[in-house]
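Listed below are the residues making up each chain.
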Amino acid sequence: MKKTTTRLADGRELIYYDHDYDARGGAVRDAVDRRPLAPVATASEIRHDRLLGDSVAIASHRQARTYHPPADECPLCPSRGGRLSEIPAADYDVAVFENRFPSLAGGHGRCEVVCFTSDHDASFADLTDAQAALVLDAWTDRTAVLSQLPGVAQVFCFENRGEEIGVTLGHPHGQIYAYPFVTPRTERMLASLAAHREATGGRNLFDDVLADERADGRRIVLDGTHWLAFVPYAAHWPYEVHLYPKRRVPDLPALDDAARAEFPRVYLELLRRFDRIFDQGRGAPPAPPLTPSAHPAPAPTPTPYIAAWHQAPVRAEQRAEFALHLELFTIRRTSGKLKFLAGSESGMNVFINDVPPEAAAERLREAASES
């Protein structure tokens, strides 16, 4: 991997991650942002909710962010044919840059955009193993760098996919938030971790969850050599999968080479299953391979999802006990129907799931790729 750091016209940082830097013939090295951009002006602040004890980012400048541009005006595509974008180079493998409309700014954290590929019409599931491995390298490097910034308490890498989720740019991309506080969800995990350790005489909650899921077996979706994917016992969302490295580590930089090597195959398979689960009849096996006389099967319906990496806070006392994991879920509950957060979920944070976790796991196993 080759990492190249440069600056956009308004001073924001841009980082390219390339498989073969020399093959680009200097396109990355010499690309300059020629747009007449004014310096970024943000008005982000963090406010503390005294009743709930959590924090809220107030970011009024985000009202002006780019909203569903046509494909030929996508700001995440390379700059080609005289059209200038956020990526000055004519091509790239993976590009990361500071968000022009950040939720966190002005000394209150940092927000970055991660472009997974220069192909506007692709998705993460379309990437090759090598491309997915490069994205993992970028997530890992940014986690390590952002964790060293003053005031950063936690680094969150994630992808939102689909207009139903609220995505406003169709180009395959994700984001990284460097929070100036530990997020409420992580605080709850740390509290559960401490309570479990106290109640069991020192046992680790994450280790016990994985052991229990493997012993039960009904909710396992994929069981690799170094990774385990399962639908959690108390899944909040209709289709929700948690992906853990089998060797507990606190964050992405701590993954060993073996886990890194296996990750692309496991993760891409999960994403492809998510795209297939609503295109097969319940209980139906995967469609057989096409013969020359067969009619082409309909293309899978892209499933809207959120993929979220949970990493240990930078300076938490329980950092060594935390388990890095990815939570992947969709708001689609069946073909043509979405799960909206209603009164119980939005008002009281008590989820009601229409799909039993065991049934969801079975559907995801049925959607396996043909070997």
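Keep in mind the model is a prediction, meaning the values are calculated, not measured. (Residues numbered from 1 in each chain as written. Predicted model: local features only at pLDDT ≥ 70, side-chain atom pairs only at ≥ 80, totals over all residues. Heavy atoms only, no water.)

Q: Before we move on, could you go through the overall build of the chain and cite the residues and values that matter?
A: Assigned secondary structure in the chain consists of seven helices and 15 strands. Taking all 371 residues of the chain together, 49% fall into the buried category. A total of about 17,900 Å² of accessible surface is found on the chain, and carbon and sulfur atoms cover 53% of it. (Helix = DSSP H or I, 4+ residues; strand = E, 2+ residues; numbered from the N terminus. Buried < 20%, exposed > 50% of the residue type's maximum accessible area, 1.4 Å probe, protein only. Areas by Shrake-Rupley, 256 points an atom, 1.4 Å probe, with all protein chains shown as cover.)

Q: Just give me the short version of the nonpolar core, but keep the residues and values in it.
A: Counting residues in hydrophobic clusters, the biggest one holds 55 residues, and the most contacted among them are F124, W139, V221, L243, Y267 and W309. If one sorts the elements of this core by residue count, helix 5 (residues 257-276) sits on top with eight residues. Core analysis: the next-biggest nonpolar cluster, separate from the first, contains 15 residues, Y16, L76, C77 and I87 among them. (Core = buried A, V, L, I, M, F, W, Y, C linked by side-chain atoms within 4.5 Å.)

Q: With reference to specific residues and values, describe the packing of helix 3 (residues 184-199) against helix 4 (residues 205-216).
A: The interhelical angle for the contact between helix 3 and helix 4, taken along N-to-C directions, is 85 degrees, at an axis separation of 9 Å. Comparing the axis directions of helix 3 and helix 4 gives the class roughly perpendicular. Between helix 3 and helix 4, the residues in contact are M189, S192, L193 and H196 and L205, F206 and D208, respectively. The class makeup of the residues in the contact of helix 3 with helix 4 is four nonpolar, two polar and one charged. (Axes fitted to C-alpha atoms, helices over the stretch in contact; angles between N-to-C directions. Parallel < 35°, antiparallel > 145°, perpendicular 65-115°, else oblique. Contact = heavy atoms within 4.5 Å. Nonpolar A, V, L, I, M, F, W, Y, C, P; charged D, E, K, R; others polar.)

Q: Help me get a handle on the sheet that holds strand 10 (residues 227-230), residues and values and all.
A: The sheet built from 11 strands is open, its strands ordered 1-2-5-6-8-7-12-13-11-10-9 with antiparallel pairing. This sheet does not close on itself; its edge strands, each paired only once, are strand 1 (2-7) and strand 9 (220-223). Across this sheet, the average inter-strand angle for adjacent strands is 20 degrees, counted without regard to direction. Looking at chain direction, strand 2 (residues 13-18) and strand 5 (residues 94-98) are connected through four bridges and run antiparallel. Note on strand 5: the bridge partner recorded for L14 is F97. (Pairing = 2+ DSSP bridges.)

Q: Account for the packing of aromatic side chains, with residues named and values stated.
A: Overall, the coordinates contain 20 aromatic pairs when judged by the stated rule. A centroid spacing of 5.8 Å and a plane angle of 75 degrees characterise the contact between Y177 and Y179, whose relative ring orientation is edge-to-face. For Y177, a relative accessible area of 12% corresponds to the buried category. A relative accessible area of 14% means that Y179 is categorised as buried. A ring pair is formed by W227 and W309, whose centres lie 6.3 Å apart and whose planes are at 65 degrees; its orientation type is edge-to-face. Taken as a pair, W227 in strand 10 and W309 in strand 12 (residues 305-310) lie far apart in primary sequence, 82 residues in all. Across the pair, exposure class does not vary: W227 and W309 are buried alike. Grouping aromatic residues by their ring pairs yields a cluster made of F116, F124, W139, W227, F263, Y267 and W309. (Phe/Tyr/Trp six-rings, centres within 6.5 Å; stacked < 30°, edge-to-face > 60°.)

Q: Talk me through the pairing of strand 9; I want residue IDs and the actual numbers.
A: In this structure, strand 9 lies alongside strand 10, joined through three bridges in antiparallel fashion. Within strand 10, the residue paired with D223 across the bridge is L228.

Q: Go over the packing of helix 2 (residues 129-147) against helix 5 with me, naming the residues and quoting the values.
A: Running from amino to carboxyl end, helix 2 crosses helix 5 at an angle of 115 degrees, the nearest separation of the two axes being 9 Å. Like other packed secondary-structure pairs, helix 2 and helix 5 cross with a definite hand, here right-handed. Across from D129, A132, A133, L136, W139 and T140 in helix 2, the residues of helix 5 making contact are R260, F263, P264, R265, Y267 and L268. Per-class residue counts for the contact of helix 2 with helix 5 are eight nonpolar, one polar and three charged. (Left-handed = near helix turned anticlockwise from the far one by under 90°.)

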